[in-house]
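Tertiary structure, described
Chain by chain, the residues run as shown.
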Amino acid sequence: MTIFKNNIVKNFSVLTGTNLLIQVFSILSSIRVARQLQPVGYGLFNLVNLQVSIFSIISVYGLRIVVIRHIARNKQDAKKMFVVANQIRLVTTSIALILAACYSQIHSKQSLPPVLLGGLLLLILFQSFWDSMESIAFGFEKMQTSGIINLVLTLVWIAQIYLIPNHLFTVTNVLYAYVLNQGIRTIIYYIWLRQKILLVSPAPTIVGFEEHKILIRQSNFYFILAIFSSVQSQVPILLLQFNSSVEQIGLFNLGNRILSPLQMMLSMLLTALFPMLARLAVVNKPLFAERVKSLLNIIILTGIWGSLCFALFSFDIVRLLYGKAYVTSANVILIQCWFTVLFAIFCTIGTVLSALDKQVLLAKLSIIYGVLAAPFFYFGTQYGATGLAWAFVIAGFVNMTYHWVIFRKLLENRISVFY
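Here is a short report on the structure shown in this document. (Residues numbered from 1 in each chain as written. Predicted model: local features only at pLDDT ≥ 70, side-chain atom pairs only at ≥ 80, totals over all residues. Heavy atoms only, no water.)

This paragraph deals with the overall build of the chain. Scanning the chain from terminus to terminus reveals 13 helices and 0 strands. Relative to a compact globule of 419 residues, whose C-alpha radius of gyration would be 22 Å, the chain shows 21 Å and is just as compact. Taken over the C-alpha atoms alone, the chain extends approximately 55 × 50 × 45 Å along its principal axes. A buried classification covers 53% of the 419 residues belonging to the chain. In the chain, the proportion of contacts linking residues at least 24 apart, taken out of those at least 6 apart, comes to 83%. For the chain, the computed accessible surface area is about 18,700 Å², with 69% contributed by carbon and sulfur atoms. (Helix = DSSP H or I, 4+ residues; strand = E, 2+ residues; numbered from the N terminus. Rg over C-alpha atoms; globule rule 2.2 N^0.38 Å. Buried < 20%, exposed > 50% of the residue type's maximum accessible area, 1.4 Å probe, protein only. Contact = heavy atoms within 4.5 Å. Areas by Shrake-Rupley, 256 points an atom, 1.4 Å probe, with all protein chains shown as cover.)

Here it is, written out as structure tokens:
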């Protein structure tokens with residue numbers, strides 16, 4: 001059928017299919033990790049991954065969307081963009097590694113042991129290079145390889161986890177097994193990218209500092225956006241370490257793990273649609289607005305349906321998969337379900353702003369969101385994972401008000417007031 005030859009359908013199908021399997025398989029690995037390490041050890045393992053996510057924001061420096069958008073419109077610049085972006089990343093990743101090492105020494109009583117810090121730094125490095133390569137491939141709308149590599153290496157990761165003997169099942173051993181896995185998938189992806197895209201792309205012209213300045217200038221706003229997005233999503237979880245306990249991080253992230261298939265489908269859908277939306281935003285504004293409205297219909301209906309399903313079975317799922325030690329996280333999941341629907345709408349608004357080259361406005365909105373949400377997050381973390389989950393929902397409702405007004409205006413009011 002013709003529809004299956006469409007790039008968007010193909011990319012979304014492959015990305016969604018592989019990533020859905022990845023999320024299911026990841027739940028299998030998390031069951032063993034959570035049961036073996038118990039809430040405190042599982043919380044520590046999640047704390048390392050949380051810090052990787054936060055410091056990777058500095059290393060990737062908002063370059064991803066800018067590179068994808070540029071290559072979607074100018075595919076002949078692939079090699080030049082790869083060179084320029086990685087030269088910038090060399091500096092930003094170095095800064096990220098230094099800051100991550102310094103952060104671990106700020107609170108000596110709650111700092112990571114040196115052996116775990118080493119794993120953290122390696123993961124930041126791998127994450128930065130993976131993001132660099134994926135930006136080039138996604139600009140060409142070649143998204144299948146990323147999904148396939150991640151799927152295969154996820155199966156390898158599960159094998160690693162279940163092959164570790166019980167007496168050797170420690171946070172350190174699990175972390176370095178994960179580091180090894182991330183390193184292998186990064187190397188494989190680079191070999192594919194080099195053969196399929198970089199070697200067949202035109203050689204770059206002389207690259208001067210002007211190219212770096214242009215890329216940095218556009219990425220600045222996405223970096224600010226990422227920082228304040230982190231304030232909205234990741235830093236609050238980090239606050240649990242100080243306002244509650246590391247154990248609460250494990251309980252909160254267990255909810256994220258179970259809800260990850262919903263969030264994954266949203267991310268893959270927006271990723272697959274972005275190159276098309278970026279083009280329509282320039283050449284056909286009315287069709288652009290229609291596509292966005294259809295996207296909202298899909299997201300809202302599937303989001304509510306998925307949330308209801310999770311709400312009905314969350315207690316049974318947690319008790320069956322993770323045991324009685326984690327049963328309190330079921331309450332967290334019930335609350336997180338509904339924030340996921342709000343989050344999906346925010347992501348759609350962000351994708352529309354990016355497609356319209358409104359990164360300055362996007363950064364400003366992110367700053368306002370972070371400032372307004374911070375008090376809710378700080379107060380919520382005083383009451384552990386459940387309090388933080390409520391803080392996410394309340395902050396989301398408060399910030400949706402002005403976001404929706406601006407969103408409708410950008411779409412020239414093609415979405416009705418009562419929508």
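So, about the layout of surface pockets. Reported here for the second largest pocket is a volume of approximately 180 Å³. In terms of lining, the second largest pocket is formed by Val66, Arg69, His70, Arg73, Lys80, Met81, Val84, Glu211, Ile214, Leu215 and Gln218. Of all the secondary-structure elements, those providing two or more residues to the lining of the second largest pocket are helix H2 (63-73), helix H3 (78-103) and helix H7 (209-233). Split by residue class, the lining of the second largest pocket holds 5 nonpolar, 2 polar and 4 charged. (1 Å grid on protein atoms, 1.4 Å probe; cavity = no way out; pocket = protein on both sides within 12 Å on 5 of 7 lines; lining within 4 Å. Points joined across faces, edges and corners; volume = space filled by probe spheres on them. Nonpolar A, V, L, I, M, F, W, Y, C, P; charged D, E, K, R; others polar.)

Another aspect to go through is the packing of H3 against H7. Remark: H3 packs on H7, axes separated minimally by 10 Å, with the N-to-C direction vectors making an angle of 75 degrees. With respect to H7, the axis of H3 lies roughly perpendicular. Contacts from Lys80, Met81, Val84, Ala85, Gln87 and Ile88 in H3 reach Glu211, His212, Leu215 and Ile216 in H7. (Axes fitted to C-alpha atoms, helices over the stretch in contact; angles between N-to-C directions. Parallel < 35°, antiparallel > 145°, perpendicular 65-115°, else oblique.)

A few words on the state of the cysteines. In this structure the tally under the stated criterion is 0 disulfides. Between cysteine 347, a free cysteine, and cysteine 337, which holds the nearest cysteine sulfur, the sulfur-to-sulfur gap is 16 Å. Cysteine 347 sits in the partly exposed class, given a relative accessible area of 22%. (Disulfide = S-S within 2.5 Å.)

A few words now on a nonpolar patch on the surface. A cluster of nonpolar side chains, contributed by Ile368, Leu372, Phe376, Trp390, Ile394 and Val398, occupies part of the molecular surface with about 500 Å² of accessible area. For the nonpolar patch, the secondary structure elements donating two or more residues are helix H12 (359-381) and helix H13 (384-410). Tracing the backbone through its elements, the reader meets valine 398 in helix H13. For valine 398, a relative accessible area of 34% translates into the label partly exposed. (Patch = residues over 30% accessible without salt bridge, like charges linked within 9 Å, V, L, I, M, F, W, Y side chains within 5 Å. Salt bridge = Lys/Arg side-chain N within 4 Å of Asp/Glu carboxyl O.)

Excluding glycine, residues mostly have negative phi values, and the peptide bonds linking residues are mostly trans. Here glutamine 38, not a glycine, exhibits a phi torsion of approximately 65 degrees, which is positive. Tracing the chain through its elements places glutamine 38 in helix H1 (residues 7-60). Among the residues examined, glutamine 38 registers a relative accessible area of 39% and is labelled partly exposed.

Summed over all chains, the structure comprises 17 aromatic pairs. Judged by centre distance (5.3 Å) and plane angle (55 degrees), the ring pair of phenylalanine 339 and phenylalanine 392 falls under tilted. In this pair, phenylalanine 339 sits in helix H11 (residues 329-355) while phenylalanine 392 sits in helix H13, placing the two residues 53 residues apart along the sequence. The pair formed by phenylalanine 339 and phenylalanine 392 is uniform in burial state, with each residue classed as buried. Relative to tyrosine 369, the ring of phenylalanine 346 lies with its centre 5.2 Å away and its plane at 80 degrees, an arrangement referred to as edge-to-face. Taken together, the residues phenylalanine 346 in helix H11 and tyrosine 369 in helix H12 connect sequence positions 23 residues apart. Just as phenylalanine 346 is buried, tyrosine 369 falls in that class too. (Phe/Tyr/Trp six-rings, centres within 6.5 Å; stacked < 30°, edge-to-face > 60°.)

Tracing the chain through its elements places serine 219 in helix H7. Overall, serine 219 belongs to the buried group, its relative accessible area being 0%. A polar contact of 2.8 Å, which involves the side chain of serine 219, links it to the backbone oxygen of leucine 215. Setting aside residues no more than four positions away along its own chain, serine 219 makes contact with Tyr61, Gly62, Leu63 and Val66. (Polar contact = N/O pair within 3.5 Å; in protein donor to acceptor, adjacent residues only side chain to side chain.)

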